[in-house]
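One-letter residues, chain by chain:
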Amino acid sequence: MPRNNPFRPTFGASPKVWAGRTTVLDEFTTALESGPGHPNRSLIISGSRGIGKTVLLTELEDKARATGWVVIRASGREGMAETLTNSTIPELIESLEPAPKRKFTGFNVAGLGGVRSELVDEQPVAPRLVTRLHQLLTLLKGTGVLFTIDEIQDSNPADLTEIAVAYQDLVRDDAEVALAMAGLTQGVNNLLNLPGATFLRRARHYELGPLTIDDATATLRDTAQEAGKPFLNDAARRAGELTQGYPYLVQLIGYLAWNHAVGDAITGRDVSSISEEAIEILGKQVHQPSLRAVPPRQREYLDAMAHIQSQTGRAQVSTADLTTALDRPTTALSDTRGKLIDRDLIVPAGWGEVEFAQPYLGDYLRREQRPTRVN
Ligand SMILES: Nc1ncnc2c1ncn2[C@@H]1O[C@H](COP(=O)(O)OP(=O)(O)OP(=O)(O)O)[C@@H](O)[C@H]1O
Ligand SMILES: [Mg+2]
């Protein structure tokens, strides 16, 4: 019988075997158990693309559900407060209590053609988020509610403030609530620096880094093993090293190696055979979209970094070398550098050095620079 590939190289798709991140999960579980007002009940997760923010939020949601909590999910990409107030929470209220007082106002085609009823209150004024939440919590009679917000870097600060005010109001009332948010590193840092963001600054902040190679290797090994086609000898380790601890690559490399292996096990040769393809797919899925809107000056800076990397053989590139290579004034370069950090493409790496925020981005850029061979 053919065995199904257990790896999931898809953004937002939870892995079969979880790697690392135990601190976040453990602290959150403790916070849930510790009753209202525990400081770790509001948390914010930041990190680069594909580092595992969305699946970690999902895992936190699962933990909350497992203890009987209700989960309400929002995305920074939509008008969050509005969506919560006028559809997400009313829908939940409706599922809890199909109220006789409610009237249908007609239909409203939501998303992929679903049909949704609109909640009509007897009150003439549009309810605010905080009112809605109080309605909901009254109905829930002590059941906890976890709010999760993904892609928070794209959220409108006014929206976020409305949510913050409503949430704090519930906390003051000793309600069983928690709030978990996730977003790209620099976007989150920018939000944290806004004047009205005291609320966010008080949240427990986790910056997700790469997994250890040991954790990546163990996940590769266990995922394949459990699904019936194990890695042979040191093949899992080789695959683990190739991932550079980057979660998306754990899934992608595992997936490709599994498909490449024709026999009952995955060999080191399978891993070597798919490494180029893995890096190419990573380029298409992650690097190419994140480079699309980069203006020429910033692109030059990235290309110079890639070039210097290949000459020195080090991941870190010194800004002094960049100044020499690009022959532009230092102030102009530090401006470009700042913009690239804001785009989550590079990160500062110690004194006067920068490095790429994504694995294999340098390889991708060098490959792009090579002339195309024509027969
Ligand atoms: N801890 C983990 N263990 C194993 N695999 C993981 C882990 N975290 C993430 N992954 C895998 O990595 C991939 C990317 O995860 P996810 O979509 O959560 O990234 P993200 O940080 O939300 O990315 P983006 O910034 O683009 O939204 C998925 O295929 C997921 O299964
Ligand atoms: Mg995500």
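Along each chain, residues carry numbers from 1 onward, in the same order as the chain's sequence is written. Here the convention is simple: chains get letters from A, ligands get numbers from 1, in the order in which they are written. With pLDDT at 70 or above as the cut-off, local features in this predicted model cover only qualifying residues; side-chain atom pairs require 80 or more to be listed or tallied, and sums for whole chains, interfaces and linings still use all residues. Excluding hydrogens and water, the side-chain values take into account all heavy atoms of the structure.

An unreviewed UniProt entry lists the protein chain under the name ATP-binding protein, with Corynebacterium breve given as the organism.

**Examining the side chain of Q186**
The condition is simple: The numbering of helices and of strands both runs from the N terminus, where a helix is a DSSP run of H or I of at least 4 residues and a strand a run of E of at least 2. For every residue, the accessible area obtained with a 1.4 Å probe (protein chains only) is divided by the maximum for its type, and the residue is called buried under 20%, exposed over 50%, and partly exposed between those limits. By definition in these notes, contact holds between two residues if any of their heavy atoms fall within 4.5 Å.
Its location among the elements puts Q186 in helix 6 (residues 185–192). Judged by its relative accessible area of 15%, Q186 is buried. Beyond its immediate sequence surroundings of up to four residues, Q186 is in contact with I341, D342 and D344.

**Concerning the sheet that holds strand 6 (residues 177–184)**
This is how the line gets drawn: Here, strands pair whenever DSSP counts at least two bridges between them. To get an axis, fit a line to the C-alpha atoms, keeping to the stretch in contact for a helix; angles then go from 0 to 180 degrees between the N-to-C directions.
Taken in spatial order, the 5 strands make up an open sheet running 2-5-6-1-7, and their pairing is parallel. Of all the strands in the sheet, just strand 2 (70–75) and strand 7 (204–207) have a single pairing partner and so form its edges. For this sheet the average axis-to-axis angle between neighbouring strands, irrespective of direction, equals 15°. As paired elements, strand 2 and strand 5 (residues 145–150) share 6 bridges and run parallel to each other. In the strand pairing of strand 5, V71 is matched with L146. Contacting strand 2 and strand 5, helix 3 (residues 80–96) runs over the sheet at an angle of about 150° to strand 2.

**Focus: the packing of aromatic side chains**
Put simply, the test is: Two rings belonging to Phe, Tyr or Trp (six-membered ring only in the last case) form a pair when the distance between their centres is within 6.5 Å. Interplanar angles under 30 degrees mark stacking, angles over 60 mark edge-to-face geometry, and anything in between is tilted. Two conditions define a charge located above a ring, namely a distance within 6 Å from the ring centre to NZ of Lys or CZ of Arg, and an angle within 35 degrees of the ring normal.
Counted under the stated rule, the structure contains 3 aromatic pairs. Both rings, one in F147 and one in Y167, keep their centres 6.5 Å apart while their planes meet at 90°; by these two values the pair is edge-to-face. Here F147, found in strand 5, pairs with Y167, found in helix 5 (residues 157–172); they are 20 residues apart in sequence, far enough to count as distant. Looking at F147, the relative accessible area reads 8%, which means it is buried. Aromatic rings pair up to connect F147, Y167 and F199 into one cluster. Here K229 stacks its cationic end above the ring of W258, 4.7 Å away from the centre of that ring.

**Notes on the confidence of the model for the protein chain**
To be explicit about the condition: Each residue carries a pLDDT score, the predictor's own confidence in it, on a scale running from 0 to 100.
On average, residues of the protein chain score 88 in pLDDT, and 91% of them reach the 70 mark or higher. Between residues 102–117, whose pLDDT stays under 50, and residues either more than four places distant or in other chains, the model counts 22 contacts.

**Here's the deal with the sheet that holds strand 10 (residues 353–356)**
Strand order across the open sheet formed by 3 strands is 8-10-9, with antiparallel pairing between neighbours. Unpaired on one side and paired on the other, strand 8 (317–318) and strand 9 (346–348) mark the two borders of the sheet. Of the pairings in the sheet, the one linking strand 8 to strand 10 comprises 2 bridges and is antiparallel in character. When the bridges of strand 10 are listed, V317 appears paired with V354.

**Points about the domain arrangement of the protein chain**
Put simply, the rule reads: Domain start and end points were adopted from an automatic or database domain assignment. By buried area we mean the combined loss of accessible area, with a 1.4 Å probe, across both parts when two parts are placed together. For this analysis, a salt bridge means a side-chain nitrogen from Lys or Arg found within 4 Å of a carboxyl oxygen belonging to Asp or Glu. Contacts described as polar in this section are N or O atom pairs within 3.5 Å, which, within protein, must combine one atom able to donate a hydrogen with one able to accept it, while residues neighboring in sequence count only if both atoms come from side chains. Note on residue categories: nonpolar means Ala, Val, Leu, Ile, Met, Phe, Trp, Tyr, Cys or Pro, charged means Asp, Glu, Lys or Arg, and polar means any other residue, Gly included.
Taken as a whole, the protein chain is organised into domain 1 (22–207), domain 2 (213–290) and domain 3 (294–367). Between domain 1 and domain 3, the contact holds 7 residues from the first and 6 residues from the second. Where domain 1 abuts domain 3, roughly 520 Å² becomes buried across the two surfaces, and 35% of that area is made up of carbon and sulfur atoms. When residues of domain 1 are sorted by the area they lose upon contact with domain 3, S48, R49 and Q186 head the list and together hold 79% of the total. At the junction of domain 1 and domain 3, the tally comes to 0 salt bridges. At the boundary of domain 1 and domain 3, one finds 4 residue pairs in polar contact (both at pLDDT 80 or more). Residue composition of the side of domain 1 that touches domain 3, by class: 1 nonpolar, 5 polar and 1 charged.

**Comments concerning the environment of T324**
Relative to the helices and strands, T324 resides in helix 13 (residues 319–326). Sequence separation between T324 and V286 is 38 residues, and the spatial gap between their C-alpha atoms is 29 Å. Among the polar contacts made by the side chain of T324, one reaches the main-chain carbonyl oxygen of A320 at a distance of 3.0 Å.

**Side note on the site of ligand 1**
Keep this limit in mind: Consider each residue's heavy atoms; a residue with any of them within 4 Å of a molecule or strand counts as near. Under the convention used here, a 1.4 Å probe and the Shrake-Rupley method define accessible areas, while residue burial counts only the protein chains that appear.
In the vicinity of ligand 1 lie 23 residues, with G12, A13, A19, K53 and T54 positioned nearest. Contacts to ligand 1 include T10, whose backbone N or O atom sits 3.1 Å from an oxygen atom. In this structure, Q251 approaches ligand 1 through a side-chain N or O atom, which is 3.0 Å from a nitrogen atom. Protein burial of ligand 1: of its 640 Å² of free accessible surface, 94% is covered by the chains. Within the residue set of the shell around ligand 1, elements represented by two or more residues are helix 2 (53–66) and helix 10 (247–260). Partitioned by chemical class, the residues of the shell around ligand 1 number 11 nonpolar, 7 polar and 5 charged.

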